[in-house]
Amino acid sequence: MNETVILTQPEVRQLLPMRDCMDLMATTLRSLARGDGTNPLRWAMWLPSKRGLIGMMPGKSGEPEALGLKVVAVFSGNHGTHLDSHQGVVILFDPENGVPLAIVDASEVTAIRTAAVSGVVTELLARDDASVVALLGTGVQARSHLEAMHEARTLTEVRVYSRSEANRTRFVERASVRYDFPVRATASAEEAIRGSHIVCTVTSSKEPVLHGEWLESGMHINAAGSSVKFARELDTAAVVRSRLFVDRRESTVNEAGDYLFPLAEGAIDESHILAEVGEVLLGTHPGRDSDEDITLFKSLGLAVEDLAAAHYLMARAREEGVGARAALGGLVE
């Protein structure tokens, strides 16, 4: 009988360093851009009260070969509590016989792989001399994105803004202990953004928190907070001013409010999506054209990213004897 690996949130954090995840995500996105793997659109069931949803993200990654799905409950009301807004599991199945191979905590996988993809894109698209980061948001993704930006560039300053002064203060205190560059809170999003080189929007806002008039030549933006068609973090002017790159075209045109709102307004057309990240990684699109470009990465998150991360975690767990084991799988008697 197969032994299914079961990993908790602390075990995921232990086994999946940011640098390793960034390298893994680059491999996975290259593979997807070559046409390997399957990544259908996610499916969601909203609760009648709209206070939360259950989402399902099935797929099959090509490199590494991993079959499975992420099942996630998203409850925005968890913001500000001790609970992550994303709760769930990633389940891996044997691609040869369908037997369950692993069940992995999805909260930490989502936190790490989302930021890791932003880190990969920042290495690709941000200017080489980019060193000042603006973080809009102070939650789980702000923490992991700061780690990814630290991997992607040599940082000299980080500015942090969220609507809650207490959250800003707490985030700065914790980050200042961990990192040797200055991390400071700002009184507004505009103050955080003006003069920065890299901007990460990782909020739960349904209305724009980043405005195009604040952007300056040479900036790079990772927009990772919104993943639904009815919400956006960037206003229309910000998208119009930026060269837009995405994780997956199909996902963007169906799910990304940051793209769909300006499209509906007639401010942009379909050609505004320049390339998928995997295409830039493969060298079939040049990415940044000049130091003056404002580059924008719209992140939605893909099932293949979750599956690749879970596959890596399963292998590490077996090598190091980490996690629980359960005899799962249906037998014919």
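Use the structure listed above.
Residues numbered from 1 in each chain as written. Predicted model: local features only at pLDDT ≥ 70, side-chain atom pairs only at ≥ 80, totals over all residues. Heavy atoms only, no water.

A. Seen up close, the overall build of the chain. Tallying secondary structure elements over the chain gives eleven helices and 15 strands in all. What you see for the chain is a C-alpha radius of gyration of 19 Å, in line with the 20 Å of a compact globule of 333 residues. Taken along its principal axes, the extent of the C-alpha atoms in the chain is 70 × 45 × 45 Å. Here the chain holds 333 residues, and the buried ones make up 54% of them. Summarising the internal contacts of the chain: among those between residues at least 6 apart in sequence, 73% fall at separations of at least 24. For the chain, the accessible area works out to roughly 14100 Å², and carbon and sulfur atoms hold 51% of it. Here the chain contributes 33 positively and 46 negatively charged side chains, and the mean placements of these two sets differ by 4 Å. (Helix = DSSP H or I, 4+ residues; strand = E, 2+ residues; numbered from the N terminus. Rg over C-alpha atoms; globule rule 2.2 N^0.38 Å. Buried < 20%, exposed > 50% of the residue type's maximum accessible area, 1.4 Å probe, protein only. Contact = heavy atoms within 4.5 Å. Areas by Shrake-Rupley, 256 points an atom, 1.4 Å probe, with all protein chains shown as cover. Lys, Arg positive; Asp, Glu negative; His and termini not counted. Charge placed at Lys NZ, Arg CZ, Asp CG, Glu CD.)

B. A look at helix α5 (residues 165-178). The end-to-end C-alpha distance of α5, which contains 14 residues, comes to 20 Å, matching closely the 20 Å that a straight helix rising 1.5 Å per residue would cover. Contacts made by the buried residues of α5 are with β7 (132-136), α4 (140-152), β8 (157-161) and β9 (183-185). (Expected span 1.5 Å × (residues − 1).)

C. Layout of the pattern of salt bridges. For the coordinates displayed, the defined rule picks out 25 salt bridges. Between aspartate 306 and lysine 70 there is a salt bridge; the shortest N-O distance is 3.2 Å. A residue pair is termed long-range when its members are at least 10 positions apart, and aspartate 306 in helix α11 (residues 303-320) and lysine 70 in strand β4 (residues 66-74) qualify at 236 residues. The exposure class of lysine 70 is buried, given its relative accessible area of 3%. Here arginine 243 and aspartate 293 are joined by a salt bridge, their closest N and O atoms 3.3 Å apart. With a gap of 50 residues between them, arginine 243 in strand β12 (residues 243-246) and aspartate 293 in the loop between α10 (277-282) and β14 (295-298) connect regions that are remote in the sequence. Summarising the burial analysis for this pair, arginine 243 and aspartate 293 share the class buried. The network of salt bridges with shared partners includes Lys70, Arg113, Glu305 and Asp306. (Salt bridge = Lys/Arg side-chain N within 4 Å of Asp/Glu carboxyl O.)

D. View of the environment of cysteine 21. Along the polypeptide, cysteine 21 turns up in helix α2 (residues 18-33). Through-space distance from the C-alpha of cysteine 21 to that of glycine 119 is 9.6 Å; in sequence the pair is 98 residues apart.

E. Region of interest: the sheet that holds β7. Read from one edge of the open sheet, eight strands run β9-β8-β7-β10-β11-β14-β12-β13, paired in parallel fashion. A single partner strand is all that each edge strand has here, and the edge strands are β9 and β13 (273-276). Averaged over neighbouring strand pairs, the angle between their axes works out to 20° when direction is ignored. Judged from the three bridges that link them, β8 and β9 form a sheet pairing that is parallel. Bridging across to β9, valine 158 finds its partner in valine 183. Taken strand by strand, α5 contacts β7, β8 and β9, and its axis lies near 170° from that of β9. (Pairing = 2+ DSSP bridges. Axes fitted to C-alpha atoms, helices over the stretch in contact; angles between N-to-C directions.)

F. Layout of the packing of α2 against α4. It is the contact of α2 with α4, at a shortest axis distance of 10 Å, that shows an interaxial angle of 80°. Judged by the angle between their axes, α2 and α4 are roughly perpendicular. Contacts between α2 and α4 pair Met18, Arg19 and Met22 from the former with Ser144, Glu147, Ala148 and Glu151 from the latter. In terms of residue class, the contact of α2 with α4 is built from three nonpolar, one polar and three charged. (Parallel < 35°, antiparallel > 145°, perpendicular 65-115°, else oblique. Nonpolar A, V, L, I, M, F, W, Y, C, P; charged D, E, K, R; others polar.)

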